[in-house]
Amino acid sequence: MKLIIAMIQPEKLPSVKAALFEAQVSKMTVTTALGCGQQMGYDETFHGSKTEINLLKKIRIEIAVNDHFVQKTVDAIIKGARSGKDGKIGDGKIFISNLEECIRIRSGEIGKEAIG
Amino acid sequence: MDLDLNHLDIVWVLLTGFLVFFMQAGFAMLETGFTRAKNAVNILTKNLMDFSIGSICFFLVGFAIMFGTSPVGRQTDWMFSFFFFQMVFAATAATIVSGAMAERTKFVTYLIYSAVVSLFIYPVSGHWIWASAGRVEGAEGWLQALGFIDSAGSTVVHSVGGWLGLAGTLVLGPRLGKYSATVTNTNVTGPQALGKARPILGHNMPLATLGVFILWFCWFGFNSGSTLSGNNSGIARIAVVTCLAAAAAANGALFISWMKFGKPDLSMTLNGTLAGLVSITAGCLHVSPASAIVIGFLAGTLCVFSVLLFEHILKIDDPVGAVSVHGVCGAFGTLCVGLFAEKAYGGVNGLFFGGGMHLLLTQLIGVGAVFLWAFGTGWVLFKFLDLVIGIRVPRNEEIRGLDINEHGMEAYAGFQIFTTE
């Protein structure tokens, strides 16, 4: 079992969700985040003073999947989140980590059934 | 001639004018609440500036076109108070449009529009209907001469604003993501995007509600002040009539939206309340309190259907419902005078009180003429501006939000706003 964490541009969320639904992945958790990577920040002004904001708004998606779903999920996320054919700096990153255990609270199921 | 310098008249017109000025705050809060947080600074600045630019333009040129005299040439107390009152009315018409064109209009283009509307578009149609109020001998507009009635400006102010807004929103096209054929189709833009309407949620219902309450309160100034005289015995009746219409409209909109959507909808009810206020504005000097309740209730109901018509059937994106509230219900209220006017109040009877079709037909002529004028000149103006400097922000800017791109600042610094569109 794996936990896939993706950081994407906020405006890409609708297309990432749609791509995931097409790949039969419909369970996820979405949170807002601030982040920076290679993308440069932007300038903001207040009362005549300028400051550089370099923590940019991001969306974080967490999806727990069985091993055989990992590639499909990653492909779907990339399909939805990459800008155009060649992509752009700021498109985001995907992290994959091992998931120890997964338990469904309602029924107590564990493992593959709980993720499914 | 400034005749009997009646101090009560001057005080009355001035105080009610102060109330009408405060409508700018009402519109600002309403429009901010009904649109997204990432565009809040932009719409607030537009509201601040359309008054600031419009008032000066109206002072310089617009007032003279509308009334045939200048507050510079005749500096009397009466003239100043009358000018002040008319200036805040002109500003009300101008600020309606920022709502219909919200979330995608270039700031500089909007500033230019504000100037043109106050210099020329509003004063011309205003002249047709209110010219003689300026007390210049011989000044009378052609609609006035026909017997067209618009007590406080359903047509002069609200319809003009509404139809200008319609022209603007048509030239702009819908917001990105408003009409999408499929969820993945986020690249579709422009008037060809005729998919299903997706709701773009207003981000602050408390502000929107505050806006409506401010407008309701200030409307007492708008309507009662339009007698232009504190000695007029009708001012109290007009306030009552105004309030009843608004209340009835709120009921109408609530009831209809409850029936149609299964739950009472605050955003529809807020718009419905305003629709009631807009629609009673034409007839507030001429109709009875009972008629006001009927007119208000119908306007509130009509507003709901109009919003649905524009949103889902005509697929015209109007972020705050300005075209429905001000254009459609302004016209409706104007026509209602032809039905509900009573001789005892204003000297003429409408259809329902034995006056026959004459007044109703006159009202219809006025509504049609002002529609052609406001929509026509608006269309030409926006098309021209689009050609010369562009009217719509680029796609990426619209997605990131106008606040950062047009103004370099945020409305809610320190808050994390969940934006996914």
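This one's a predicted model, so the numbers in the text were calculated from it and none came from an experiment.

1. Details of the overall build of chain B
And step 1. Secondary structure assignment for chain B yields 15 helices and two strands.
And step 2. Over its C-alpha trace chain B gives a radius of gyration of 21 Å, about what one expects of a compact globule, namely 22 Å for 421 residues.
And step 3. Seen through its principal axes, chain B has C-alpha atoms that stretch 65 × 50 × 35 Å.
And step 4. Burial analysis of chain B (421 residues in total) assigns 57% to the buried set.
And step 5. Sequence-distant contacts, at least 24 apart, represent 77% of the contacts inside chain B between residues at least 6 apart.

2. Examining the overall build of chain A
And step 1. Scanning chain A for helices and strands turns up three helices and six strands.
And step 2. For chain A, the sequential pattern of α-helices and β-strands runs β-α-β-β-β-β-α-β-α.
And step 3. Expected size for 116 residues packed as a compact globule is a radius of gyration near 13 Å; at 17 Å, chain A overshoots this value by more than 25%.
And step 4. With respect to the three principal axes, the spread of C-alpha positions in chain A is 60 × 30 × 20 Å.
And step 5. When each of the 116 residues of chain A is scored for burial, the buried share is 20%.
And step 6. A sequence separation of at least 24 residues applies to 72% of the contacts in chain A between residues at least 6 apart.

3. Topic: the environment of alanine 344 of chain B
And step 1. Mapping alanine 344 of chain B onto the fold places it in helix H12 (residues 343-346).
And step 2. For the pair alanine 344 of chain B and serine 288 of chain B, spaced 56 residues apart in sequence, the C-alpha to C-alpha distance is 9.3 Å.

4. Points about the environment of alanine 76 of chain A
Residues and elements named next belong to chain A.
And step 1. If you trace the backbone, alanine 76 turns up in helix H2 (residues 70-81).
And step 2. Accessibility expressed as a C-beta count within 10 Å gives 22 for alanine 76, which makes it buried.
And step 3. A C-alpha to C-alpha distance of 8.8 Å links alanine 76 and phenylalanine 21, two positions 55 residues apart in sequence.
And step 4. When residues no more than four places from it in sequence are discounted, the contact partners of alanine 76 are Ala19, Leu20, Glu22, Ala23 and Val25.

5. Focus: the sheet that holds strand E5 (residues 56-65) of chain A
All names here are of chain A.
And step 1. Judged by pairing direction, the sheet is antiparallel, and its four strands sit side by side in the order E2-E5-E1-E6 without closing on themselves. Since the sheet does not close on itself, it has two edges, and those belong to strand E2 (29-35) and strand E6 (92-98), each with one partner. Averaged over all neighbouring strand pairs, the angle between strand axes comes to 25 degrees, with direction disregarded.
And step 2. Bridge count for strand E1 (residues 2-8) against E6 is seven bridges, and the pairing is antiparallel. Opposite isoleucine 4, over in E6, you have isoleucine 96 as the bridge partner.
And step 3. Contacts from H2 reach E1, E5 and E6 within the one sheet, and its direction differs from that of E1 by about 5 degrees.

6. A few points about the nonpolar core
And step 1. Membership of the largest hydrophobic core comes to 130 residues, with the highest contact counts inside it found for Leu215 and Ala245 of chain B.
And step 2. Residue contributions to this core peak at 15 residues, all from helix H3 (residues 77-100) of chain B.
And step 3. The contact partners of leucine 215 of chain B, leaving out residues within four places of it in the chain, are Met23, Gly26, Leu30, Leu274 and Leu277 of chain B.
And step 4. Formed by 15 residues, the second largest nonpolar core is a distinct cluster that contains Leu13, Val16, Ala19 and Ile63 of chain A.

7. Comments concerning the packing of helix H10 (residues 289-313) of chain B against helix H11 (residues 322-340) of chain B
Residue and element names in this part refer to chain B.
And step 1. Running from N to C, H10 and H11 point in directions that differ by 145 degrees, and their axes come no closer than 9 Å. Crossing geometry of H10 relative to H11 is assigned as right-handed. Mapping the contact onto sequence places Ser291, Ile295, Ala299, Leu302, Cys303, Ser306, Val307 and Phe310 in H10 and Val323, Ser324, Val325, Val328, Cys329, Phe332, Gly333, Cys336 and Phe340 in H11.
And step 2. Residue composition of the contact of H10 with H11, by class: 13 nonpolar, four polar and no charged.

What counts as what
Residues numbered from 1 in each chain as written. Chains lettered and ligands numbered in written order. Predicted model: local features only at pLDDT ≥ 70, side-chain atom pairs only at ≥ 80, totals over all residues. Helix = DSSP H or I, 4+ residues; strand = E, 2+ residues; numbered from the N terminus. Rg over C-alpha atoms; globule rule 2.2 N^0.38 Å. Buried ≥ 20, exposed ≤ 12 C-beta atoms within 10 Å, placed from the backbone. Contact = placed C-beta atoms within 7 Å. Pairing = 2+ DSSP bridges. Axes fitted to C-alpha atoms, helices over the stretch in contact; angles between N-to-C directions. Core = buried A, V, L, I, M, F, W, Y, C linked by C-beta atoms within 7 Å. Left-handed = near helix turned anticlockwise from the far one by under 90°. Nonpolar A, V, L, I, M, F, W, Y, C, P; charged D, E, K, R; others polar.

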